[in-house]
Amino acid sequence: MISEDFMRVVACVIRRDASIDLGITFRQDVVNGCLVIDTIAANGLFANTGLKLDMQLVKINGHRCYRISKRNLDKTETILKQAVGIVTIEVQSPQPVVSNEPTITERQIFTIQKATKSFQLGLGFEKIQTPEDSLRIVKLSPTFEKVLGIRKGLQVVRINGAPCDVDDIASVHEQMKQAYPLLCLECIATVKNEKREGTKENPTEQKKVEEIDENLRVVACIVRPNADLDLGITFRRDEENGFLIINSVSKDGFFAGTGLKPNLRVVKINGHRISRKRMDQAVELLQQAKGLITIEAEASASKDSEEHTVSERQIFSIQKATKSFKLELGLERIQTPDDTLRIVKVSPTFQKVLGLKQGLELRKINGVACNVHNLDSVQEQMSHAYPMLTMECMATVVNRKAEVDEDDENIRVVACIVRPNSNVDLGITYHADVEKGCLVVDSVQQQGLFARTGVKAKQYIVKINGKRIAPKNLSQAVDLLKQITGRVTLETVSIKNPDANHERRFFSIEKTSKNFQLGLGLGALQLPEESAPSLRILEVSPTFQKVLGLRPGLQLLKVNGLRCNLNDIPSVHTEMDHAFPMLSLECIATIIQKKKDDEKPAVDIREISVSKEETKDDDNIRVVACVMRPDASVDLGISFTKDFANGSLLIDSLANDSIFANTGLQSGQKIVKINGKKTPKRRLDQAVESMQKAQGRITIEAEFIKTGPQSGSERQIFSIQKANKSFSLGLGLGLEQTDSTPLLRIVKASPTLERVLGLKQGLQLLKINGVPCNLNDIQSVNKQMDEAFPILSLECVAKFKPVEMKLHRVDSDLTEAVSADSRGGTASVEEEEESKRAMKEKAAAEEEARLKAVEEERKKAEEEARLAAEAKAKEEARIKAEEEARIKAEEEARIQAEEEARLKAEEEARLRAEEEARLKAEEEARLKAEEEARLKAEEETRIAAEAAEAAKLKAEEEAMLAAKAEEARLKAEEEAKAKAEEEARLEAEAKAQAEEAARQQAEEMARAAAAEAEEARIKAEEEARLAAEAEAARLRAEEESRLKAEAEAKARAEAEAQAQARAEEEARRQAEEEARLKAIEEARLKAEAEAKAAEEARLKAIEEARLKAEAEAKAAEEARLKAKEDARLKAEEEARLKAEEEARLKAEAKAKAQAEEEARWKAEEEARLKAEEEFRQRVEEAARRQAEQEAKEQAQEANRLKAYRESKLRVEEEARLWEEASKQAEKEANIAAEEERKRAERREKRLSSSRESQRMFGEATGGGSGFGFFSSGLGDPLIKVKEKKADEDELLLTGSSAVTGVSDIDEVDDLIRAAEERQAKIERELLDLAWD
């Protein structure tokens, strides 16, 4: 289609002086983000050039104009004001092109101001047979191709508004020649539709469009039994690009039906890439090869898209040796917007031979479409294909032309190799740069240890084995490189743009064995600012983080130079495992630039703080809210209060229109974490203050305080603010069928979400933004998540096992004192003794039980004390180890920070040196190019002068030949005169008639001679013009020069042959003329006497006629010579003016380029100085902050160690006191038991003696059994006194024993209770210290 609305105009004018007004102004177009033409003066230089109002500015003097800003507008106006000489402006129409066609046709207008009327563009036209005849540009000079942007193949429609005659190319050249002072060419160009629109409603149509523009790659593998058989394929070299191109493929050859076609570019032969230097050797080896032969070819114009990835059609053909041969491919049907058949398993052999990769979409087998729904039929298709098996696949490949040029990127290389001993050369040369304080790589040997590691010349060595090189230790670094053995790690940098946000990093490590693995965790992530997912490093072992500097979050591009397949991460791990002995990773690192105080920080997902701690709280409700705060001035809409009882931070109030609205946060919830960091009890004010100042991504984790028993489930709410509507969490959902009801669970979550929000696999998903999920339609759930904007809230349920904690407390039972009743009674001695015996037995049993309980409690307390001591020792060892590890990590971090700061400074210095060297090299190259251009111009001028001189000589030779012709004419006239005189003598009567005939004949011969001379002149001029055109054509192209040389040689040979033929003809004619003259002279002498009288009479008349004819011929000859000389002078003048004009244009272009280069140098130098100053300030500030932080941390560490030692001494002292009290209590209890036993024995002995005395007294008094006179034994006063005294003694002994035992037991229990309370207090203090 031809877009009438879209037009591109290139206007080129000549401005003699900067004071001349261009007559054009521009303004900002905020809607389209560009500069547009505001006004065009009617009498300005750009009047009538095709420029129109509101057209968008694209280029000025070949330099592209960037998006609008006040700075760009001022810069554009400054360039236009200062521009002198040739000024070129390129603009385009503001209307966009809306079309689904892959290409569109646009009008292009090229306008140039001619310095002189004779100035010519030197375009070559040709009539091209298309559906309609068109006039195309087939030849043009590189100067105008660069200045105006004219390209070969453009269709010329009009010249200065007049249509071109396609059938008369000469008239077109005449139109261009007559156009003055402006030459305007209106052309039609077919260009790619950059704004092509694909509709979501009709994906089939979009897919068809992609297939039309698809790129093609063919891999053909055949078997050639011997080298005598013809392959049936020929090649040719592309003269323009130097590629090896397939010229023809025989229909009955080996490669017939493999997909190879003419004009495909050969990439590899038998797996070896074709280089331009060894192309002939490759073809010769191919012709002699036998056995398995593999050719890989691709479309020569592939991957012209500007997209990061493009679709490529790949055809793999293999000749099967037998019909039973199988590829053993693993196929799987993949659910995408359209069902596709993917290759999921390939043997390593065919991966290497054919280049078959996992993840390719299989479409056809031997031209027959595959049935996606029947994998068995596809396998059967491959089995039945014989002898040629051809598979057509679609692959998504990286567009290398869309990648950033590595020469313009910042590069960091970390290379780790193994050096057996110091005698082995490292393979690199370097020198110390004292000014910059680092080592500079001079060269890297191709066979050295650091070959293929990414280390290149002119890079700066900043670290050796992780130690940064400083200016004060340059000599030590040089000595270290000479003597170091074992693992040698060099870190080099090459910074082209200090303000760049990305850095290309190369990590290379020499593997000591094939089983060595890095153990990297990879994953495909899509950040909000990215249009497509990328392969990221998610996990790295601490060893390789320290040795190589590998960090999580790096984007992995290549492994050993091979592009990583994003759709097949296992293949990437396989490539890393198979790489041996050198493993090289190419990554992209994103650098966060520090913002100035007056600038608002950009919102970036990289600012999210990631926490690796797992949630271990058992509360019923937990909320994680992640929002975006663009600026610290934006009110959070949330207030906090302190809970002094629990030492926590609570949400006091939450505004309805705040950024945390609808995230699940509520008043009364306890803040657990802020940006992944726990809120410390003693720093609540600092936590609130840091949150008020926070900006970018802010994450708050809160929970409700629960005082009751913990349940086995927890409701978790995850809320995140989406940066845009297209942002997707990338969750995988699955339905779990239980006995009662199905459950919707999260079966896949990205590591980023796990770290930031704490989303885990296995969570039960209940609601999305408060709406219950439809368990019968998972796609609708995904749609719910995609449509949620700006807040996406997920309500989940987590199941866990509650932890049971058993608390043990040792409490001593108090034994009640038992005292004897001191009241007197009327009981008998037996009853009293029985009661006393029962009381004694009860007291003994109770005492025994008490002692046993005390012993058990003591053993239990000792065991618990022992366990507590062991736990304390373990805890102390763990704390000590953690402290040592923390101190070591802090020291390493500090050293690394210092090393990085020094490395950055050294890198800045190295970059400055590289930039100076580059500028110097560019200046030398520019001077060399100018010298070559000058020599070329001088050579062209010399050749043109020689050509002009040759033309001049040739013209003189033609003039001499014309003179000879004139002499011949005179001789002919003389002969005619003699013949006329003879006839007059012989025929006197017909004298008048003879004279008339002689005169007519003489005039006729004169006219013939003049015509002959004119033809010779025209021929000479034509030959001179043709020679000049051939010379100019030879100068324009090397091939035309060779052809012209051959043409000139041929012309010279023909000219020499013609000259020789003319000489021979002249000699023959002269001999004939001499013979004829001799005969005439004899006849004349014979008749002289007879005709003398008549001769004298007529001589006067004839002489007058001859003189008149000679005068006329002489005048005609002078006029012809004058015209010829004028034409020659005019041609020389035009050639001189054209040469002067080209020389002037070159000088102006040179001056302009020099001025631009000087301005660029000045701007770069200012930017460099500014960057150095900012970097120095940042380094000083970082060093100051680091010193303050280290001092603060040292003070905190000293206080913590002091508190820890004091608590440790206090615990040890209390344990010792508790042990001593236990021993004392045990000793006193033993003494009391012994005394009680002795008192009981004495009491028993006294009672038995008393009974014996009573018995003896009864027998003596005749009482029989002791109850005689005093029948009861109580009437005797003496006995009563003795009993009373014994009872008093017994009561005294019993009372003393009871009081002593109770008091001792109470004291022991009090000591044990006090020790336990002190132990519990110490444990609480230790827990508080560990929490802090």
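Residues numbered from 1 in each chain as written. Predicted model: local features only at pLDDT ≥ 70, side-chain atom pairs only at ≥ 80, totals over all residues. Heavy atoms only, no water.

Caption draft 1: Quick peek at the overall build of the chain. Each helix and strand counted, the chain has 17 helices and 48 strands in total. Out of the 1332 residues belonging to the chain, those deemed buried represent 34%. Within the chain, contacts between residues at least 6 apart in sequence are counted, and of these 71% link residues at least 24 apart. When the accessible surface of the chain is split by element, carbon and sulfur atoms take 53% of a total near 79,700 Å². (Helix = DSSP H or I, 4+ residues; strand = E, 2+ residues; numbered from the N terminus. Buried < 20%, exposed > 50% of the residue type's maximum accessible area, 1.4 Å probe, protein only. Contact = heavy atoms within 4.5 Å. Areas by Shrake-Rupley, 256 points an atom, 1.4 Å probe, with all protein chains shown as cover.)

Caption draft 2: Region of the structure containing empty space enclosed by the protein. Taken as a whole and assessed by the stated rule, the structure comprises 6 cavities of 30 Å³ or more. What the largest cavity holds in volume is close to 90 Å³. Looking at the largest cavity, the residues that line it are Cys12, Ile14, Ile86, Ile112, Gln113, Phe119, Thr143, Phe144, Val147, Glu1141 and Leu1145. Those elements that place two or more of their residues in the lining of the largest cavity are β1 (2–15), β7 (103–113), α2 (142–147) and α16 (1038–1261). (1 Å grid on protein atoms, 1.4 Å probe; cavity = no way out; pocket = protein on both sides within 12 Å on 5 of 7 lines; lining within 4 Å. Points joined across faces, edges and corners; volume = space filled by probe spheres on them.)

Caption draft 3: Here's a closer look at helix α10 (residues 569–578). Listed in full, the buried residues belonging to α10 are Ser571, Val572, Glu575 and Met576. Viewed end-on, α10 has its buried residues packed into an arc of 145°, placing them on one side of the element. The exposed set on the far side of α10, more than 90 degrees from its buried face, consists of Pro570 and His578. Contact partners of the buried residues in α10: β32 (521–525), β33 (534–539), β34 (555–559), β35 (562–563) and β36 (582–590). (Arc of directions from axis to C-beta.)

Caption draft 4: Quick peek at the packing of aromatic side chains. Overall, the coordinates contain 2 aromatic pairs when judged by the stated rule. Ring geometry for Phe325 and Phe350: centres 6.0 Å apart, planes at 70°, overall edge-to-face. Taken together, the positions of Phe325 in the loop between β19 (309–319) and β20 (330–334) and Phe350 in helix α6 (residues 348–353) put the pair 25 residues apart, joining distant regions of the chain. On the accessibility criterion, Phe350 (12% relative accessible area) is buried. Both rings, one in Phe516 and one in Phe544, keep their centres 5.8 Å apart while their planes meet at 80°; by these two values the pair is edge-to-face. In this pair, Phe516 sits in the loop between β31 (502–510) and β32 while Phe544 sits in helix α9 (residues 542–547), placing the two residues 28 residues apart along the sequence. Classification of Phe544 by relative accessible area gives buried; the value is 12%. Seen from the ring of Phe243, Arg265 lies directly overhead, with NZ or CZ sitting 4.4 Å from the centre. (Phe/Tyr/Trp six-rings, centres within 6.5 Å; stacked < 30°, edge-to-face > 60°. Lys NZ or Arg CZ within 6 Å of the ring centre and 35° of its normal.)

Caption draft 5: Main features of the environment of His573. Relative to the assigned elements, His573 resides in helix α10. What makes His573 partly exposed here is its relative accessible area of 26%. Each C-alpha atom of the pair His573 and Leu522 lies 8.6 Å from the other, and the pair is 51 residues apart in sequence. Residues in contact with His573, not counting those within four places in the same chain, are Leu520 and Leu522.

Caption draft 6: Just the pattern of salt bridges, in detail. Tallying each qualifying case throughout the model produces 75 salt bridges. Residue Arg622 is joined to Glu703 by a salt bridge in which the shortest nitrogen-to-oxygen separation is 2.7 Å. Pair noted here: Arg622 is in strand β37 (residues 621–629) and Glu703 is in strand β42 (residues 696–703), with a separation of 81 residues, a long-range link. A residue is classified by how much of its surface remains accessible, and Arg622, at 3% relative accessible area, is buried. Between Arg894 and Glu898 there is a salt bridge; the shortest N-O distance is 2.8 Å. With a gap of 4 residues between them, Arg894 and Glu898 both fall in helix α14 (residues 829–986), about one helical turn apart. (Salt bridge = Lys/Arg side-chain N within 4 Å of Asp/Glu carboxyl O.)

Caption draft 7: Geometry of the side chain of Lys114. Along the chain, Lys114 falls in the loop between β7 and β8 (124–128). Buried charged residue Lys114 carries no salt bridge. Nearest counter-charge: Glu174, at 9.9 Å. If near-sequence neighbours (up to four positions away) are discounted, Lys114 is found in contact with Phe119, Met176, Lys177, Ala179, Tyr180, Pro181 and Leu183. (Lys, Arg positive; Asp, Glu negative; His and termini not counted.)

Caption draft 8: Focus on the pairing of strand β22 (residues 361–365). A large share of β22 lies buried, amounting to 4 of its 5 residues. Sheet topology places β22 next to strand β23 (residues 368–369); 2 bridges connect them, and they run antiparallel. Its bridge partner lying in β23, Lys364 is registered against Ala369. Joining the antiparallel neighbours β22 and β23 is a turn of 2 residues, in which Asn366 adopts a positive phi near 55°. (Pairing = 2+ DSSP bridges.)

Caption draft 9: Here's a closer look at unusual backbone geometry. A cis amide bond links Tyr180 with the next residue in sequence, Pro181, at an omega value of 0°. Its location among the elements puts Pro181 in the loop between α3 (169–178) and β12 (182–192). The linkage connecting Phe580 with the following residue, Pro581, adopts the cis geometry, with an omega of 0°. The residue Pro581 is located in the loop between α10 and β36 in this model. Positive phi values are uncommon outside glycine, yet Asn48 reaches one of about 65°.

Caption draft 10: Here's a closer look at the confidence of the model for the chain. Per-residue confidence for the chain gives a mean pLDDT of 76, with 81% of residues at or over 70. Ranking the helices and strands of the chain by mean pLDDT puts β23 first, with 90, and helix α4 (residues 203–212) last, with 38. The low-confidence segment residues 197–213 (pLDDT under 50) makes 15 contacts with residues lying over four places distant or belonging to another chain. (pLDDT = per-residue confidence, 0-100.)

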